[in-house]
Amino acid sequence: MESITISEIARALGIDYHGSGAIDHVCTDSRDITQGGLFVAIEGDNFDGHDYIDDAFLRGASCAIARKPGDYNGTVLYVEDTRKAHIKIGGLYRDRFDLKIVGITGSVGKTTTKEFLAAVLSSQFNTHKNEGNLNNEIGLPKTLFKLSHAHQAAVIEMGMSGFGEIHDLATAVHPDMGIITNIGVSHLEKLGSREGILKAKLELLDGMKKGSYLILCGDDPFLRKVSDDRFLILRYGINDTCSQIRAMHIIESEREINFTIFSPWGEYRAHIPTIGLHNVYNALAAFTAGCLMGIAPAQCADALSFYATTGMRQRMVDFGGVTIVEDCYNASPDSMVAAINTLAGYPAKGRKIMVLSDMLELGEISKKSHIEVGKFVARAGINLLFTCGSQAMGYIEGAESQGMERCLYYTDRVQLAQAVHSAIRPGDVVWFKASRGMELEKVLALIYGEPAAAAH
């Protein structure tokens with residue numbers, strides 16, 4: 001990170017400061033502070049960064065951002081909200097660089113779309129992106145602080161859990177182009193309705209200039225209706241004949257998908273090294289953005305093949321002849337249906353098995369959603385269903401209502417892991433999916449014979 005003076009930071013935060021000094025890195029964890037750092041005291045449900053301000057100064061911090069007054073042993077800038085201040089400092093730093101940024105949000109597929117687009121842009125530009133899932137009010141500023149003058153483009157994913165969060169992130173990033181992947185039901189507990197979710201996602205536009213391109217999924221019933229004369233809207237899809245960019249002639253195989261892209265720039269054959277129609281949508285969004293960034297369409301289509309999955313997002317593992325799909329990073333009714341459809345269509349030599357745990361943050365529709373997913377599992381012809389979690393009996397109820405007999409519930413991860421390990425055999429395809437908070441990866445660790453990893 002390049003050095004920033006404390007005076008610059010103070011001005012950006014609207015603080016009257018007449019001192020000197022500079023910082024060359026920003027941290028929200030005092031243990032990461034070294035000489036010349038800025039410590040931002042974030043308050044969480046189970047911690048308070050204000051308790052660690054003096055520790056940060058002992059480690060060499062030049063300055064701290066705080067909300068609570070105190071007798072601290074160093075220079076402190078006081079703000080009303082340290083999270084918002086953190087984002088504003090990220091925006092201050094972003095403004096130092098002359099590069100094109102694409103902002104991505106949506107209920108499902110943000111990270112995968114980011115990775116596809118990063119592959120496309122990297123075929124021509126030195127491209128920066130969020131690492132992992134650093135897409136929220138804490139992680140996104142950290143992504144901005146890693147920008148350098150060597151970067152020519154960036155792909156910035158933005159996540160949220162409530163109103164106003166995307167607004168704050170977008171106005172710091174002010175992307176040159178925006179992508180909204182879809183409007184699902186994630187975070188319905190806070191946002192109240194899918195209309196509310198749409199409103200929250202459209203806060204992305206708050207950081208975009210008039211005349212910017214906005215790329216939307218035309219197959220999404222909510223995004224299909226979005227209209228805004230301030231922006232140039234392009235839609236992509238598979239089923240929507242009104243979309244300007246479409247995928248047709250789709251051929252799925254065991255580990256890849258081939259399809260033809262029909263676009264205003266011509267027709268191009270594309271190949272992506274992953275499975276599931278939902279990933280075709282993600283690839284279409286990336287292709288569209290790449291073309292609009294000035295990359296040759298044929299080059300954009302070719303670059304999609306360099307996509308690589310990250311973390312536990314549909315990562316395929318060969319485990320003694322059993323194909324295990326690690327898809328444990330996130331879950332919602334929409335992504336569950338996409339996963340079930342993909343497994344149902346997979347050319348498995350053996351059985352098709354789902355291992356599911358809870359979908360979180362669904363509010364009043366949680367029970368109904370788990371039941372509906374269970375019904376979908378049964379109707380899709382999945383051979384065996386294993387479940388675990390406080391809401392997971394809903395899966396069983398739904399599956400049994402459709403006549404599925406081989407659906408099992410376990411009260412803890414150890415029992416679930418033992419049952420799955422005993423049941424699977426070569427040729428089977430086993431898909432693990434749940435919200436991140438359910439830590440389904442610990443079940444995988446037990447199955448793989450990694451009890452130490454499963455214990456943490």
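Note that this is a predicted model, so its numbers are computed, not measured.

What about the sheet that holds strand S3 (residues 25-27)?
Across the sheet, which stays open at both edges, the four strands sit in the order S3-S4-S5-S6 with parallel pairing between neighbours. In this open sheet, the two strands that pair with only one neighbour each are S3 and strand S6 (76-78). When strand polarity is set aside, the average angle formed by the axes of neighbouring strands in this sheet is 20°. Pairing between S3 and strand S4 (residues 37-40): three bridges, direction parallel.

Considering the pattern of salt bridges
Across all of its chains, the model carries 20 salt bridges by this definition. Two residues, Asp327 and Lys433, come together in a salt bridge whose shortest N-O distance is 3.1 Å. Here Asp327 is found in strand S17 (residues 322-327), whereas its partner Lys433 is found in strand S21 (residues 429-433), with 106 residues between them in sequence. Residue Lys375 pairs with Glu372 through a salt bridge whose shortest N-O separation is 3.4 Å. Placement of both Lys375 and Glu372 in helix H12 (residues 366-379) is noted, with a separation of three residues, approximately one turn of the helix. Judged by its relative accessible area of 22%, Lys375 falls in the partly exposed class. Take Glu372: its relative accessible area is 34%, and that puts it in the partly exposed class. By sharing partners, the salt bridges in this structure join Glu43, Asp48, Arg67 and Lys68 into a single network.

As for helix H6 (residues 165-173)
When we look at burial in H6, the residues that qualify are Ile166, Asp168, Leu169, Ala170, Ala172 and Val173. In this structure, the buried residues of H6 make contact with helix H3 (82-94), strand S7 (100-105), helix H5 (139-144), strand S9 (153-157) and helix H8 (194-201). Residue His174 follows H6 closely and has a positive phi angle near 30°.

What to know about the nonpolar core
By size, the foremost hydrophobic cluster in this structure holds 93 residues, and its most contacted members are Ile65, Leu117, Phe259 and Leu304. Sort the elements by how many residues they give to this core and helix H9 (residues 277-292) lands first, with 10 residues. Once residues lying within four places of it in the same chain are set aside, the contact partners of Phe259 are Ala247, Met248, His249, Ile250, Tyr268, Arg269, Ala270, Ile272, Val280, Ala283 and Leu284. If you look at the next biggest cluster of nonpolar residues, it comprises 26 residues, including Met336, Ala339, Ala392 and Trp431.

With respect to the sheet that holds S17
If you walk across this open sheet you meet the six strands as S16-S17-S21-S18-S19-S20, and the pairing is mixed. Strands with a single pairing partner mark the edges of an open sheet, and in this sheet they are strand S16 (315-319) and strand S20 (407-410). Shown here is a sheet whose adjacent strand axes are inclined to one another by a mean of 20°, direction ignored. In this sheet, S17 lies alongside S16 in antiparallel orientation, the contact comprising five bridges. The residue bridging Met316 from the neighbouring strand is Val325, located in S17. Helix H13 (residues 393-401) rests against strand S18 (352-356), strand S19 (384-388) and S20 of the sheet, and its axis sits at about 165° to S20. Each of S16, S18, S19, S20 and S21 is contacted by helix H14 (residues 413-423), which is oriented at about 165° to S19, the strand it contacts most.

Some details on the packing of aromatic side chains
Throughout the structure, instances matching the rule amount to seven aromatic pairs. Between Phe116 and Tyr307, the ring centres sit 4.1 Å apart and the planes meet at 20°, which makes this aromatic pair stacked. Here the residue Phe116 occupies a position in helix H4 (residues 110-122), and Tyr307 occupies one in the loop between helix H10 (297-303) and S16, the gap between them amounting to 191 residues. Each member of the pair, Phe116 together with Tyr307, is buried. A ring pair is formed by Tyr268 and Phe287, whose centres lie 6.2 Å apart and whose planes are at 45°; its orientation type is tilted.

Some details on the packing of H12 against H13
Helix packing geometry: the angle between the two helix axes and the distance between the axes. One way to put it is that H12 packs onto H13 with a least axis distance of 6 Å and a crossing angle of 45°. Classified by the angle their axes make, H12 and H13 are oblique. H13 is crossed by H12, and the crossing has right-handed handedness. On the side of H12, the interface is formed by Lys367, His370, Ile371, Val373, Gly374, Lys375 and Ala378, while H13 contributes Gly394, Tyr395, Glu397, Gly398, Ala399 and Ser401. Here the contact of H12 with H13 is built from residues that sort into five nonpolar, five polar and three charged.

What counts, and at which threshold
Residues numbered from 1 in each chain as written. Predicted model: local features only at pLDDT ≥ 70, side-chain atom pairs only at ≥ 80, totals over all residues. Heavy atoms only, no water. Pairing = 2+ DSSP bridges. Helix = DSSP H or I, 4+ residues; strand = E, 2+ residues; numbered from the N terminus. Axes fitted to C-alpha atoms, helices over the stretch in contact; angles between N-to-C directions. Salt bridge = Lys/Arg side-chain N within 4 Å of Asp/Glu carboxyl O. Buried < 20%, exposed > 50% of the residue type's maximum accessible area, 1.4 Å probe, protein only. Contact = heavy atoms within 4.5 Å. Core = buried A, V, L, I, M, F, W, Y, C linked by side-chain atoms within 4.5 Å. Phe/Tyr/Trp six-rings, centres within 6.5 Å; stacked < 30°, edge-to-face > 60°. Parallel < 35°, antiparallel > 145°, perpendicular 65-115°, else oblique. Left-handed = near helix turned anticlockwise from the far one by under 90°. Nonpolar A, V, L, I, M, F, W, Y, C, P; charged D, E, K, R; others polar.

Functional significance is not addressed by these values, which are geometric in nature.
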